[in-house]
Amino acid sequence: MSNIIISPSILSADFANLEKEINAVKDAGAKWIHVDVMDGHFVPNITIGVPVVKSLRKVTDLILDTHLMIENPEKYIEPFAKAGADILTFHYEACRDGNHIKEVIEQIKAFGIKAGISIKPKTSPEVIFPYLSLLDLVLVMTVEPGFGGQEFMHDCAMKIPVIKAQCNESLVIQVDGGINNLTGKICTSLGASSLVAGSYIYNSNNYKKAVDSLKS
Ligand code: DX5
Ligand code: ZN
């Protein structure tokens, strides 16, 4: 087994039974849980927010890998950090300029948690180079953010080696969108160290088999 970090996205889980769904992927070997926060503005969908993270924190010790697909991320860092998020990843496209980006990263780190930045499919990887040394994680979207169950965009995966060539070993390069056993392997062979998977895991009838197939 490799050291690839698998982060099952609860977007495809049964929201009426989140504790059970999280424990099921924990039993399957997952160490992280990917929490997709959408505001209906940055993306055309609304999902969950601070109260859900707070409730999940009470029932799991897994890393809460929180993906903020929201405008004005700076307004929500403190509530999500206090709710118990371990990683806060915000979007490059939600920021005005470089100062804004640096401020959001510093804000996240001030809570002693990990900071990530994400880029949408049409955003070139070079734009995040100035911030790589400040970050713990970069999330390369391989679908347009907003919905689970979309098809993997192969072109986006080519951003992985471009980022990898610029960063140090400790930076987590994560991919999100359309990940399954085949597309996951493409990404890890290109240098990704973490795979987010929603529908591939939660729509399968054997979570352990699905998680193992992503790790191998
Ligand atoms: C999409 C979300 C993803 C989503 C992935 O905007 O950020 O995390 O849950 O779903 P799958 O793995 O089904 O593409
Ligand atoms: Zn996500």
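For the structure, check the block above.
Reference entry: report on the structure contained in this document. (Residues numbered from 1 in each chain as written. Chains lettered and ligands numbered in written order. Predicted model: local features only at pLDDT ≥ 70, side-chain atom pairs only at ≥ 80, totals over all residues. Heavy atoms only, no water.)

### Comments concerning the overall build of the chain
Phase 1 of the analysis: When its secondary structure is counted, the chain shows 9 helices and 8 strands.
Phase 2 of the analysis: For 216 residues, the compact-globule estimate of 2.2 N^0.38 gives 17 Å, and the C-alpha radius of gyration of the chain, at 16 Å, lies within 12% of that figure.
Phase 3 of the analysis: Along the first, second and third principal axes, the C-alpha atoms of the chain reach 45 × 35 × 30 Å.
Phase 4 of the analysis: Counting all 216 residues of the chain, 52% fall into the buried class.
Phase 5 of the analysis: Within the chain, counting contacts between residues at least 6 apart in sequence, those at least 24 apart form 66% of the total.
Phase 6 of the analysis: Just so you have it, the chain exposes about 9700 Å², and 51% of that area is on carbon and sulfur atoms.
Phase 7 of the analysis: The distance from the centre of the 20 positive side-chain charges to the centre of the 24 negative ones in the chain is 5 Å. (Helix = DSSP H or I, 4+ residues; strand = E, 2+ residues; numbered from the N terminus. Rg over C-alpha atoms; globule rule 2.2 N^0.38 Å. Buried < 20%, exposed > 50% of the residue type's maximum accessible area, 1.4 Å probe, protein only. Contact = heavy atoms within 4.5 Å. Areas by Shrake-Rupley, 256 points an atom, 1.4 Å probe, with all protein chains shown as cover. Lys, Arg positive; Asp, Glu negative; His and termini not counted. Charge placed at Lys NZ, Arg CZ, Asp CG, Glu CD.)

### Thoughts on the layout of surface pockets
Phase 1 of the analysis: Taken as a whole, the largest pocket encloses approximately 300 Å³ of empty space.
Phase 2 of the analysis: Contributing to the lining of the largest pocket are 25 residues, with Gly148, Gly149, Gly177, Gly178 and Gly198 lying nearest its centre.
Phase 3 of the analysis: When residues of the lining of the largest pocket are traced back to their parent elements, those giving at least two are strand S2 (32-38), strand S8 (194-197) and helix H8 (199-202).
Phase 4 of the analysis: Taken together, the residues of the lining of the largest pocket break down into 11 nonpolar, 11 polar and 3 charged.
Phase 5 of the analysis: Each pocket or cavity is described by its volume, and for the second largest pocket that value is around 160 Å³.
Phase 6 of the analysis: Contributing to the lining of the second largest pocket are 14 residues, with Val37, Met38, Asp39, Ile70 and Tyr76 lying nearest its centre.
Phase 7 of the analysis: Here the residues of the lining of the second largest pocket sort into 8 nonpolar, 4 polar and 2 charged. (1 Å grid on protein atoms, 1.4 Å probe; cavity = no way out; pocket = protein on both sides within 12 Å on 5 of 7 lines; lining within 4 Å. Points joined across faces, edges and corners; volume = space filled by probe spheres on them. Nonpolar A, V, L, I, M, F, W, Y, C, P; charged D, E, K, R; others polar.)

### Focus on the sheet that holds S8
Phase 1 of the analysis: Sheet architecture is open: 8 strands sit in the order S1-S8-S7-S6-S5-S4-S3-S2, paired in parallel fashion. In the strand order of this sheet, the two ends are held by strand S1 (5-8) and S2, each with one partner. The average undirected angle you get between the axes of adjacent strands in this sheet is 20°.
Phase 2 of the analysis: Here strand S4 (residues 87-91) pairs with strand S5 (residues 114-119) via 5 bridges, running parallel. Residue pairing across strands places His91 opposite Ser118, the latter belonging to S5. (Pairing = 2+ DSSP bridges. Axes fitted to C-alpha atoms, helices over the stretch in contact; angles between N-to-C directions.)

Honestly, it's all geometry; don't read function into it.
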